[in-house]
Amino acid sequence: MTLFALIDCNNFYVSCERIFRPDLLKKPVAVLSNNDGCFISRSNEVKALGIPMGAPLFKYKYLIDQHNVTVFSANFAFYGDISSRIMHLISEIVPACEVYSIDEVFVDLTDVDSPKDTAHHIRQQVLKCVGIPTCVGVGPTQTFAKVANYLAKKRSVYNGVCILEDPQDIEEALKNLPIKEIWGIGRRLSLRLKQVGINTAYDLKKVDPRWMRQHFTVVGERLVQELNGLSCLSLEEQPEPKKSIQVSRSFANDVTEFDELRANLASYATRLGVKLREQGLKTTTLIIYIKTNRFKEGFYQASQVVNLPQAVNDDANLIKACGKALEQIFKPNLLYKKAGIMALELLPASAEQYSLFKEDKISSNKTEKLSEALDKINKKYGRGTIHSAACGIQLTWKDRKEFKSLSYTTSWSELPIVYAR
DNA sequence: TCTGGGGTCCTAGGACCC
DNA sequence: TCTGGGGTCCTAGGACCC
């Protein structure tokens, strides 16, 4: 029988800021994203005000002023440094661990004599040595460790450590756990599950895994197995090399100049180069993308993949490839050649341009019609009009697929289970 | 007026191959 | 005009995570 623990830092970014501002303990504190756009970390006091995670600042400005909330702009380099101190400390206490995210770590307690004492010891050490409060959840699978952690955070009776080992405790906990709190079930899945009468973790546990696979893919099946105590996920002690690396930013204002877009991309390319070299990696594939403001009507995005003849990690080559990709996106000839579905996706357009084009496309799929539509657009708006709210670059590696696709002529439900990890 | 950034995995479907 | 089986690779998009 396996036993896992999940150590999760409480309100991590806020707690980091409080290390150097002990006067802010028990006071409302929040950390904001790029451009001071959204809340990305909230103290308990701020949560109690009803400000949701990811909410935009402007909607809650009045609460911030009214309750004298201290806000910080995010400082990710600093948070990363605190994180590695914590991870190092924990790795010296336990036999094996997997760093899951900047503020979470799974540890293997299978062969540890007293899991409960160890959990409390970890909590105390992290608080004493680094100054960050944590909660610990313990259970027979990683999914259960997550559940236990959720309870440890939610209910003060646990004193920061919740252990789910006894079958009766587990059943009780699952019956009271809403489906959306399960690790791996987000907004969409929980909606679909509710529609078929699955409302709690306990309901999900009772579902036939094969049925789950048919209707909710292998991901759903794995969830059911984990809730039945069958560990499908194991500890990954050695972090795998990254499969993709990304640099992207939202702009504070709409960008309408091509040159401005290109300049931004070039600076992202440079940052990307640094990341690549730091990790000792090279890339053969580069993807750039642009997106219009997703909160405005006619949201539209475009992307372009560039396959490089050889693996690179130097700034000059990355910038060159970005420029090439950007020009591809905005190249009218390409648009005519690819008239059809693809045309939609490569059209650089404002919301207005986009909808005009779409109307014409629906009336006819013929290339001539599309050309006509384009001419109309060009006459009305001129070529090269750009409205962009965000852009970025992503690098991926060609061999990123671990499993070959299984033949689609074979009946899907009869295939043997293949776990991804 | 103002709405984050960086990842992973899985599936469907088209192009293409023998 | 009808018409197999088995496969790979690639792209796009959906869903999730912190």
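Residues numbered from 1 in each chain as written. Chains lettered and ligands numbered in written order. Predicted model: local features only at pLDDT ≥ 70, side-chain atom pairs only at ≥ 80, totals over all residues. Heavy atoms only, no water.

A. Focus on the overall build of chain A. Secondary structure assignment for chain A yields 16 helices and 12 strands. Counting across all 421 residues of chain A, residues that qualify as buried make up 43%. (Helix = DSSP H or I, 4+ residues; strand = E, 2+ residues; numbered from the N terminus. Buried < 20%, exposed > 50% of the residue type's maximum accessible area, 1.4 Å probe, protein only.)

B. Region of interest: the sheet that holds strand β3 (residues 39–42). In spatial order, the strands read β3-β2-β4; together these three strands make up an open sheet with mixed pairing. For this open sheet the edge positions go to β3 and β4 (70–73), each flanked by a neighbour on one side alone. In this sheet, adjacent strand axes meet at a mean angle of 25° when their direction is disregarded. One ladder, built from three bridges, connects strand β2 (residues 29–32) with β3; its direction is antiparallel. (Pairing = 2+ DSSP bridges. Axes fitted to C-alpha atoms, helices over the stretch in contact; angles between N-to-C directions.)

C. Representation of the packing of helix α4 (residues 76–91) against helix α5 (residues 115–129) within the structure. Interaxial distance between α4 and α5 falls to 10 Å at its minimum, and their mutual angle equals 140°. Here α4 is positioned oblique relative to α5, judged by the angle of their axes. Between α4 and α5 the crossing geometry is right-handed. In this structure, α4 uses Ile-86, Leu-89 and Ile-90 to contact α5, whose residues at the interface are Ile-122, Gln-125, Val-126 and Cys-129. (Parallel < 35°, antiparallel > 145°, perpendicular 65-115°, else oblique. Left-handed = near helix turned anticlockwise from the far one by under 90°. Contact = heavy atoms within 4.5 Å.)

D. Highlighting the pairing of β2. The side-chain alternation of β2 yields two buried faces, one formed by Val-29 and Val-31 and the other by Ala-30 and Leu-32. Hairpin connection, β2 to β3: the antiparallel pair is bridged by six residues, and Asn-35 has positive phi, about 60°.

E. How the structure looks around the sheet that holds strand β1 (residues 4–9). What the five strands build is an open sheet, ordered β5-β6-β1-β7-β8; its pairing is mixed. With partners counted over all chains shown, the strands left at the sheet margins are β5 (97–101) and β8 (161–163), one partner each. Adjacent strand axes in the sheet meet at a mean angle of 15° when their direction is disregarded. Inspection of the sheet shows β1 paired to strand β7 (residues 134–139) by six bridges, in the antiparallel sense.

F. Region of the structure containing the nonpolar core. Among the nonpolar cores identified, the biggest contains 33 residues, and Phe-12, Ile-82, Ile-86, Ile-90, Val-107, Leu-109 and Ile-132 are the most heavily contacted of them. Going through the elements one at a time, β1, α1 (12–19), β2, α4, β6 (104–108), α5 and β7 are the ones with two or more residues in this core. Ranked by the residues each element gives to this core, the list is headed by α4, at seven residues. Each residue touching Phe-12, except ones within four places of it in the same chain, is listed here: Ser-41, Tyr-79, Ile-82, Ser-83, Ile-86, Ile-102, Asp-103 and Ile-132. Among the nonpolar cores identified, the runner-up in size contains 26 residues, and Phe-144, Cys-162, Ile-182 and Leu-204 belong to it. (Core = buried A, V, L, I, M, F, W, Y, C linked by side-chain atoms within 4.5 Å.)

G. Fine view of the confidence of the model for chain A. Residue-level pLDDT values for chain A average 80, and 78% of them are 70 or greater. Predicted confidence in chain A is weakest over helix α14 (residues 341–346), with a mean pLDDT of 26, and strongest over α1, with 98. Note that pLDDT drops below 50 for residues 332–374; the model gives that stretch 65 contacts with residues more than four away or on any other chain. Of the regions scoring below 50 in pLDDT, residues 398–421 engages in 29 contacts with residues more than four places distant in sequence or in other chains. (pLDDT = per-residue confidence, 0-100.)

H. Structural view of the protein's contact with DNA strand B. Contacts to DNA strand B come from 26 residues, most closely from Asn-34, Arg-222, Gln-246, Ser-248 and Arg-294. Sugar and phosphate atoms constitute 73% of the interface atoms of DNA strand B, taking the interface as everything within 4 Å of the protein. Within the side chain of Arg-222, one N or O atom sits 2.5 Å away from a phosphate oxygen of DNA strand B. At 2.6 Å from a phosphate oxygen of DNA strand B is found a side-chain nitrogen or oxygen belonging to Ser-250. Where the surface near DNA strand B is concerned, the elements lending two or more residues are α10 (209–227) and β9 (244–255). (Near = heavy atom within 4 Å. Polar contact = N/O pair within 3.5 Å; in protein donor to acceptor, adjacent residues only side chain to side chain.)

I. Region of interest: the pattern of salt bridges. One pass over the structure, following the stated rule, counts 12 salt bridges. Here Asp-208 makes a salt bridge to Arg-210, at a shortest N to O gap of 3.4 Å. What makes Arg-210 exposed here is its relative accessible area of 63%. (Salt bridge = Lys/Arg side-chain N within 4 Å of Asp/Glu carboxyl O.)

J. Spotlight on the packing of aromatic side chains. Summed over the entire model, instances satisfying the criterion amount to 11 aromatic pairs. An angle of 85° between the planes, with centres 5.7 Å apart, marks the rings of Tyr-13 and Phe-76 as edge-to-face. Taken together, the positions of Tyr-13 in helix α1 and Phe-76 in helix α4 put the pair 63 residues apart, joining distant regions of the chain. Overall, Tyr-13 belongs to the buried group, its relative accessible area being 16%. Ring geometry for Tyr-100 versus Phe-106: centroids 5.7 Å apart, planes at 75°, classification edge-to-face. (Phe/Tyr/Trp six-rings, centres within 6.5 Å; stacked < 30°, edge-to-face > 60°.)

K. Inspection of helix α11 (residues 258–278) at higher detail. Compared with the 30 Å implied by 1.5 Å per residue over 21 residues, the 31 Å span of α11 between its first and last C-alpha is a close match. Every buried residue of α11 is listed here: Leu-261, Asn-264, Leu-265, Tyr-268, Ala-269, Leu-272, Gly-273 and Leu-276. Backbone geometry just after α11 places Gly-280 at a positive phi near 65°. (Expected span 1.5 Å × (residues − 1).)

L. Molecular detail of unusual backbone geometry. Positive phi, normally seen in glycine, also occurs at Asn-11, with a value near 40°. Among the structural elements, Asn-11 can be located in the loop between β1 and α1. The backbone of Asn-68 shows a phi angle near 55°, a positive value even though the residue is not glycine. By secondary structure assignment, the location of Asn-68 is in the loop between α3 (61–66) and β4.

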